[in-house]
Amino acid sequence: MAAELFRTTGRRMKQMEQQMGQMRQMTEMQISSSSSSSSSSSTSPTFTSSMSSTKLRKVSQGFSRTIEEHSGVQRKTSAVVESFSQVQISTHIPEGESVPDFEEKLRPITAQEGDNAVFKAKVTGNPQPTVNWERASGFPLSDATKPFYDNIDNQHILKIKNLTLEDADVYKCISSNHHGEAIYSISLVVTENPALDFKKMLRKRGVEKREEKKPPTEEEMLKILSGADKKDYERICTEHGFTDFRGILKKLKEMKKKVEVEMVYVLKPLEDITAKADTNVVFNTILKLKDPNIKMQWFLGAELLRIQYSLGKYEVKQMGTKHMLCISSVSLSDMGTYTLQPQKVTERQTAVFEIRLSKKTDAPLIWKLKGKEVKRDEKFDVSLSEDGLTYTLKIKDVKVSDTGDYSVSIGDLTATVPLFIERNPIKFTTHLKNVHVQERGNACLGCEMSSKDVHIRWLKDGCNITASRRYIFMREGKRAEVIIEGCELRDEGEYSIVCTQDNDSHEYVTSANLTVDERFASLKSGMSDVQCPTGSPAELRVVLDDEKVDGVWLKDGLEISEQSGFQVVKQGAIHKLMFRGVTDAHEGKYTFRAKGAVSEAVLTIADPPEIDSSVLDLLGARPVTVKAGQTATIKIPFKGKPPPKVTWYKDGVEFMEDERTKVERTGDCTSLVLSRCVREDSCAVMLRLKSDCGTAVVSLHLNIIDRPKPPQGKVEFLKLSGKCIKMKWKAPRDNGGKQVTSFVIERRVAGKKSWTRVGEVDSSTTVFSNDKVEEGQVYQYRIKAVNTEGMSDPLETEEVRAGEPIEPPGTVSQPQVSNISKDTMTVSWTPPTHDGRALVLGYNLERRKKGSNMWLQVNKELLTDSKFVVDGLVEDVEYEFRVTSVNRAGAGSPSIISNAVLAKDPIRAPGLVRNLCVSDSTNSSISLKWTPPEQGDEPSGYILEVRPEDAKEWKKATKIPIAGSGFTVGGLQECMKYHFRIRAVNEGGLGEPIELSEAVLALPPPVAPRFDLQGKLKKQMVVRAGTVLCLHLSFSASPPPVVTWFKDGILTTGREVITRSKNHSQFLISTSQRSDSGVYRAHLKNDYGEAHYDINVRVTDFPRPPTNLRLVEEVTGTVTLQWDHTPDLADDDDQGAHYVILKQDTRTASWFTVAERVFSSKYTVTGLLPGRKYYFRVVAQNSVGDSDPLDSKEPLIIPKEKECIGSLQMKEYASPSHQVKPTFLLPLKDHAVHRGHDCTMSCAYQGMPTPKACWYKGKSKISDSPRFWHSTANGVCTLVIPTCGAKDGGEYTLVLENSLGTAKCSCCLVIFDKDDKGLLESLTNQANKDKLIL
């Protein structure tokens, strides 16, 4: 390979010699190549090595072959396809019907041959659509393809077993009904399985002994791989049995790098040179180039030297392998690192070829690439310089396809130069990121490259997985992804993507780790025991909290296999075990086990209870009849599994077992036994058989027969006369279970014990008349019911009289007492309304003392009148009375007791109340007092009445009489007049009223106004402009005073809001102004006096700006500012008002404070730099804030120092020779400066001849920097640092040098902010001790 490269180089050298001979007419020719970005015309070379054209063409051919092979793989496998279409045939679709549609979309599948593929479709539509499967290529479905319908999940499934490469196609699922059809197309991509290919090659052969072939050595393997493509490295190593694949790749990379580096051999390196100014320097080196066409370029640092435009500054010479760079008249600007590098162009940049002729020519100049003429277009730009000597060819957006030999011809002259391109390195705009997933989850690792024209390989733990069917690889543009579906624990590891590109031997790798956590699930819903009848379907269901965890079903500890009667279903996180028809063999204990979750349940057969239908018919046809006193037994057979619960009910209420009631039960029969039955045992009997799987009920009637019950209710006598007694009754409630045949009637005389039968009637009637009675005789009757079982108990009547009955009279009215004295009273009453059908013979009057239970009859004989005077009473004793009426049937009921009456002579009513007057009053109350009356009996209280002046009705002041001789009436309306009157009262009645002669006003006693301040409101008040001014005063006065507010002695009628009440007043200005300042007075006045209170209010505001700014430059480097005072500065109340002076250098946008707290209208600014422009600003400031700024309209320019006039011819003065070595008279001092302020450093020196001054910051020279300004004059050196920043802090040094020697002086500069309080304090302390300027 090296020999071939040398031969190619030799041929190139001969061609170059021939071309140089042809170009003998040109005195100067230069071909150069430079690189520039597509967006800029400036050059930016970045290559450090170059490659030969032979190697470039080989890489290009390999790249083309790679593209062809890659496209061949795409043609071999099917592309991923997914599409959907829907067509409606019917013009009108009835309500409730629809065109077929897919509820869940299908997914494309990529699988290796030998695997299984399953497509699932869920279809909707009405009428129910039909579903067909087809292949888009037109080929029929293979024999291994099976379409079927899943009744459980309602899905149409197409299953393809043992995939082959011929199965790769686009499959269509067609769903149709008479309204239209829907088609869903998805692709099936089948990739080759290397394992299957190897199995296909297996043949049955006899065993032959062969000699084992030894694997090649490392050197042999390197030779084999050096001529192969990268993608075939792994296959070649496998074929040759070489196992150290990663080691051989590493050696191969190192070998290729060595070959590239050795394209240029350095026989003599460049050497460092130190030279004086204005001398000439020559750099030389000896290089051996493998390709003599490689053009070398000189660089200063990273900048390309433009030799042809240097005006003779630089000269490049080459004599064979010796390369020289000559630099004439070197200066300080020529210092730096010089390098010689191969000419190169970076991909996607612009390559430039230039050729310069010795003279103009009219012959056309033609550029060619690989023999074809290059014409000007968007890719190529051909231009000619203004002098007509320089021709330029620009190739924009250089790509690999643009490499090759470029030639230029003019007439018979031809020159050729190759174009080499260095590929841009591949960059990962997005690296692989670590992924953390759970087992059976999906993981996606992806990255994005800077270019899409790259080749990629995926590695897992260093092993190539690009061809593995375990992974899904996605590539779209610049992005590449690998997807691992259903991650397993073995998928954990480091994943890497290796990117390569043509013409670039580097491999670009990014890696990330995939962590797979073992997945555990917990039960979200476990199984429960199931009971079901034989032959019915059943289901056991478990819900986990993770749908990606599988489980296993067990029955009685053994794993369930797919067999008849079972179906295992998994729907996401739901796991089901389904039974089509349960039999006895399915009974048992079932267990579901998954990682982290276990659930158990028992399946049992449960048939509902059942009773023989013949038994039901028999019991329903007729009741069970039993005589009273006998035993009733009801026995009913049944069947059911498990045995049901047996419950007997009597009229809906459960039978409770006792000594008479027993419930017997066997496995298939139950009995109800009632011993010693009674008539009450007759009932509706119900048997209920209940189990978990059903209920059976049978009803029957139990009839107990007995003698009937007595007739019902009270006997009604329809007729009671001296000749006949007629009665009526009701039939018995219970006939004893047998029809009542008749009723037997018996009677007896009142007071006798024996009964006599007086008659019997048929059961159809319940009326009997007894004709054989004696008038006035009292009888009692009884009636009995009769049936076949016997006679009932009797129903007895009350005693009745034969003839008209007489009753005692009714009750008289409540007695009334009048004419009361200490020993007599008159009692009267009203006769009773009911006389008892007989004449009232008279009345009995009774009395008793109150509280006693003993009644005494007042009369000895019946009283015939309804009024009677009772005498013989005891004084001061309370008596109660009652009256009873009497006829021939006897005495009636006593009357209601009369009210208690005290035996006492009557009391006299009181006389007039004396001396009624007002004792006190307030805004809401009036107090009165009076003297008791002299006439009449002593009063028990007083009734006080009140009436407003505008009302006519009197109202009582209290609900009960007033006990004392004074009272306060509250709740009155202020300033209203009221009339009052009063009367005395006792048991004898009300006295005559007495009234006040005049109405009384509801007001307190008169009081002169006075203020109630209590220290809340001060005499002085300061308010900021724009805020609320509120003056609130409290006072007291009676009557309420008139409130008036004054400002500076004038009544306020402005923007204020004044509120007034009886005891308060408020003065409010919502938005105060400066003009609101002044003395405010609140004035109070009523009929009994007046008062006032003064408050001095000052409203402060931002100061108004000064005016008429004038700039006067009296001294060089200074300026005097003059302005007119702001009106607010003269205000005596604002003692803190002042001015702040600021300046702004036009080179910066910031303002810097020059002076603060300036009280005059004039200020001189110093320290201005010559040649700078400045703006100035004056701001007024007080305790509230700053005014608007007053700025200078035009910038002030500080003139530079005047230069010496060189044109004057002056006679030289021959001074005496006095030479002095430079020394410092006053050295530099350390400085501390606010950030943003200027800093001026100066020192005094002596020296003759005048020394040269040079300033340094650290070790860097700053004398020539435009950032700083310095001057040296009259023995003073000055350095000005404008607008100091943090980077300006440090050590500054001044070096003075003349022919006798040098002198140095240094100082430190510290930059600080206003907030650096600690630093500022330390600097202040240091300034007090040392020479530090603040």
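**A word on the overall build of the protein**
- Scanning the protein from terminus to terminus reveals 8 helices and 107 strands.
- Scored against the burial criterion, the 1334 residues of the protein give a buried share of 39%.
- Put simply, of all contacts in the protein between residues at least 6 apart along the chain, 65% involve residues at least 24 apart.
- Total accessible area on the protein stands at roughly 78000 Å², and carbon and sulfur atoms take up 49% of it.

**Some words on the sheet that holds strand β37 (residues 530-532)**
- The strand order across the open sheet formed by 5 strands is β37-β44-β43-β39-β40, and the pairing between neighbours is mixed. Of all the strands in the sheet, just β37 and β40 (558-559) have a single pairing partner and so form its edges.
- Sheet analysis places strand β43 (residues 588-594) next to strand β44 (residues 597-605), joined by 7 bridges and oriented antiparallel. The residue of β44 that forms the bridge with Tyr590 is Ala601.

**As for the pairing of strand β92 (residues 1138-1145)**
- Across the 8 residues of β92, 8 count as buried, placing the element largely inside the fold.
- Of the strand pairs in this sheet, β92 and strand β95 (residues 1173-1181) are connected by 8 bridges, and their pairing is antiparallel. By the bridge assignment for β95, His1138 is matched with Gln1181.
- Pairing between β92 and strand β93 (residues 1152-1158): 4 bridges, direction antiparallel. The residue bridging Tyr1139 from the neighbouring strand is Val1158, located in β93.
- The turn linking β92 back onto β93 is made up of 6 residues.

**Considerations on the nonpolar core**
- Ranked by internal contacts, the top residues of the largest apolar core, which has 24 residues, are Leu445, Met449, Ile484, Ile497 and Leu514.
- Broken down by secondary-structure element, the contributors of at least two residues to this core are β28 (435-438), β29 (443-449), β33 (479-484), β34 (493-501) and β35 (504-517).
- Contacts of Leu514, omitting those with residues within four sequence positions, involve Val435, Val437, Ala443, Ile484, Asp491, Glu492, Gly493 and Tyr495.

**A closer look at the pattern of salt bridges**
- Tallied over the entire structure, the rule returns 37 salt bridges.
- Among the ionic pairs, Asp734 bridges to Arg679, the shortest N-O distance being 2.8 Å. Pair noted here: Asp734 is in the loop between β56 (725-730) and β57 (742-749) and Arg679 is in the loop between β52 (669-674) and β53 (683-691), with a separation of 55 residues, a long-range link.
- Look at Arg679 and you get buried, because its relative accessible area is 13%.
- Of the charged contacts, one joins Arg1177 and Asp1191 as a salt bridge, the two residues approaching to 2.7 Å between their closest N and O atoms. Residue Arg1177 is found in strand β95, and its partner Asp1191 is found in strand β96 (residues 1190-1191); the two are separated by 14 residues along the sequence.
- On the basis of relative accessible area, Arg1177 is assigned to the buried category, the value being 19%.
- A residue is classified by how much of its surface remains accessible, and Asp1191, at 31% relative accessible area, is partly exposed.
- Through salt bridges with shared partners, one network takes in Glu439, Glu518 and Lys595.

**Let's talk about the pairing of strand β49 (residues 645-650)**
- Relative to β53, β49 runs antiparallel, the two being bridged by 6 bridges. If you follow Lys650 over to β53, its bridge partner there is Val685.
- In this sheet, strand β50 (residues 653-654) lies alongside β49 in antiparallel orientation, the contact comprising 2 bridges. When the bridges of β50 are listed, Lys650 appears paired with Val653.

**Observations concerning the packing of aromatic side chains**
- What the rule picks out here adds up to 20 aromatic pairs.
- Plain terms: the ring middles of Phe1011 and Tyr1093 are 5.9 Å apart, the flat faces sit at 45° to each other, and that makes the pair tilted. You can see Phe1011 sitting in strand β81 (residues 1007-1011) and its partner Tyr1093 sitting in strand β89 (residues 1089-1100), a full 82 residues away along the chain. For the pair shown, Phe1011 and Tyr1093 are each scored as buried.
- Ring plane angle 55° and centroid distance 5.2 Å describe the contact between Phe1067 and Tyr1080, whose orientation is recorded as tilted. Of the two residues, Phe1067 is situated in strand β87 (residues 1064-1069) and Tyr1080 in strand β88 (residues 1078-1086); the sequence distance between them amounts to 13 residues. Take Phe1067 and Tyr1080: they sit in the same class, and that class is buried.

**A word on the environment of Phe1046**
- Relative to the helices and strands, Phe1046 is located in strand β84 (residues 1042-1047).
- Relative accessible area serves as the criterion here: at 23%, Phe1046 is assigned to the partly exposed category.
- For the pair Phe1046 and Tyr1080, spaced 34 residues apart in sequence, the C-alpha separation works out to 5.6 Å.
- Beyond its immediate stretch of four places on either side in the chain, Phe1046 contacts Leu1051, Thr1052, Val1079, Tyr1080, Arg1081 and His1083.

**Some thoughts on a negative patch on the surface**
- A surface patch of like charges, here negative, comprises Asp823, Asp871, Glu875, Asp876 and Asp905.
- Mapped onto the elements, Asp905 comes out in the loop between β71 (901-902) and β72 (914-921).
- We classify Asp905 as partly exposed; its relative accessible area is 38%.

**Some points on the environment of Ser764**
- Considering the arrangement of structural elements, one finds Ser764 in the loop between β58 (756-762) and β59 (767-770).
- Considering only alpha carbons, one finds Ser764 and Val740, 24 residues apart in sequence, at a separation of 9.0 Å.
- Within polar-contact distance, the side chain of Ser764 engages the side chain of Asp762 at 2.8 Å.

**Observations regarding the sheet that holds strand β25 (residues 413-419)**
- Ordered by their spatial adjacency, 4 strands build an open sheet running β21-β20-β24-β25, and the pairing between neighbours is antiparallel. Every interior strand has two partners, whereas the edge strands, β21 (372-373) and β25, have only one.
- With 5 bridges connecting them, strand β20 (residues 365-369) and strand β24 (residues 404-410) associate as antiparallel partners. Bridge pairing in β24 places Ile366 opposite Ser409.

**Some thoughts on a nonpolar patch on the surface**
- Side chains of Leu839, Leu841 and Leu862 sit close together on the surface and give an oily, nonpolar patch of about 300 Å² of accessible area.
- Secondary-structure assignment places Leu841 in the loop between β65 (825-828) and β66 (842-849).
- Using a relative accessible area of 46% as the deciding quantity, one classes Leu841 as partly exposed.

**Describing the side chain of Asn986**
- Along the chain, Asn986 falls in strand β77 (residues 977-986).
- Relative accessible area serves as the criterion here: at 9%, Asn986 is assigned to the buried category.
- Side-chain polar atoms of Asn986 contact the backbone oxygen of Arg908, separated by 3.1 Å.
- If we ignore the near neighbours within four places in the chain, the residues touching Asn986 are Ile907, Arg908, Ala909, Pro910, Asp937, Glu938, Pro939 and Ser940.

**Structural notes on the confidence of the model for the protein**
- The predicted model of the protein averages 80 in pLDDT, with 86% of residues at 70 or higher.
- Of all secondary-structure elements in the protein, the lowest mean pLDDT belongs to helix α2 (residues 53-76), at 31, while β29 reaches the highest, 93.
- Residue range residues 1-78 is modelled with pLDDT below 50. Its contacts to residues more than four positions away, or to other chains, number 139 contacts.
- Note that residues 201-211 has pLDDT below 50 and, in this model, 0 contacts with residues that lie over four places away or in other chains.

**Quick look at the state of the cysteines**
- Tallying each qualifying case throughout the model produces 0 disulfides.
- Not part of a disulfide, Cys1243 finds its nearest cysteine sulfur in Cys1277, a span of 5.0 Å.
- You can see Cys1307 has no disulfide; the closest cysteine sulfur is in Cys1308, sitting 6.9 Å from it.

**Comments concerning unusual backbone geometry**
- Of note, the amide linkage connecting Asn126 to Pro127 takes the cis form, showing an omega dihedral of 5°.
- Position of Pro127 among the secondary structure elements: in the loop between β5 (117-126) and β6 (130-135).
- Geometrically, the link from Met1248 to Pro1249 is a cis peptide bond, its omega value of 0° lying close to zero.
- In this fold, Pro1249 is placed in the loop between β100 (1239-1248) and β101 (1252-1257).
- Within the chain, Asp651 stands out as a residue other than glycine whose phi angle is a positive 50°.

Procedures and definitions
- Residues numbered from 1 in each chain as written.
- Predicted model: local features only at pLDDT ≥ 70, side-chain atom pairs only at ≥ 80, totals over all residues.
- Heavy atoms only, no water.
- Helix = DSSP H or I, 4+ residues; strand = E, 2+ residues; numbered from the N terminus.
- Buried < 20%, exposed > 50% of the residue type's maximum accessible area, 1.4 Å probe, protein only.
- Contact = heavy atoms within 4.5 Å.
- Areas by Shrake-Rupley, 256 points an atom, 1.4 Å probe, with all protein chains shown as cover.
- Pairing = 2+ DSSP bridges.
- Core = buried A, V, L, I, M, F, W, Y, C linked by side-chain atoms within 4.5 Å.
- Salt bridge = Lys/Arg side-chain N within 4 Å of Asp/Glu carboxyl O.
- Phe/Tyr/Trp six-rings, centres within 6.5 Å; stacked < 30°, edge-to-face > 60°.
- Patch = residues over 30% accessible without salt bridge, like charges linked within 9 Å, V, L, I, M, F, W, Y side chains within 5 Å.
- Lys, Arg positive; Asp, Glu negative; His and termini not counted.
- Charge placed at Lys NZ, Arg CZ, Asp CG, Glu CD.
- Polar contact = N/O pair within 3.5 Å; in protein donor to acceptor, adjacent residues only side chain to side chain.
- pLDDT = per-residue confidence, 0-100.
- Disulfide = S-S within 2.5 Å.

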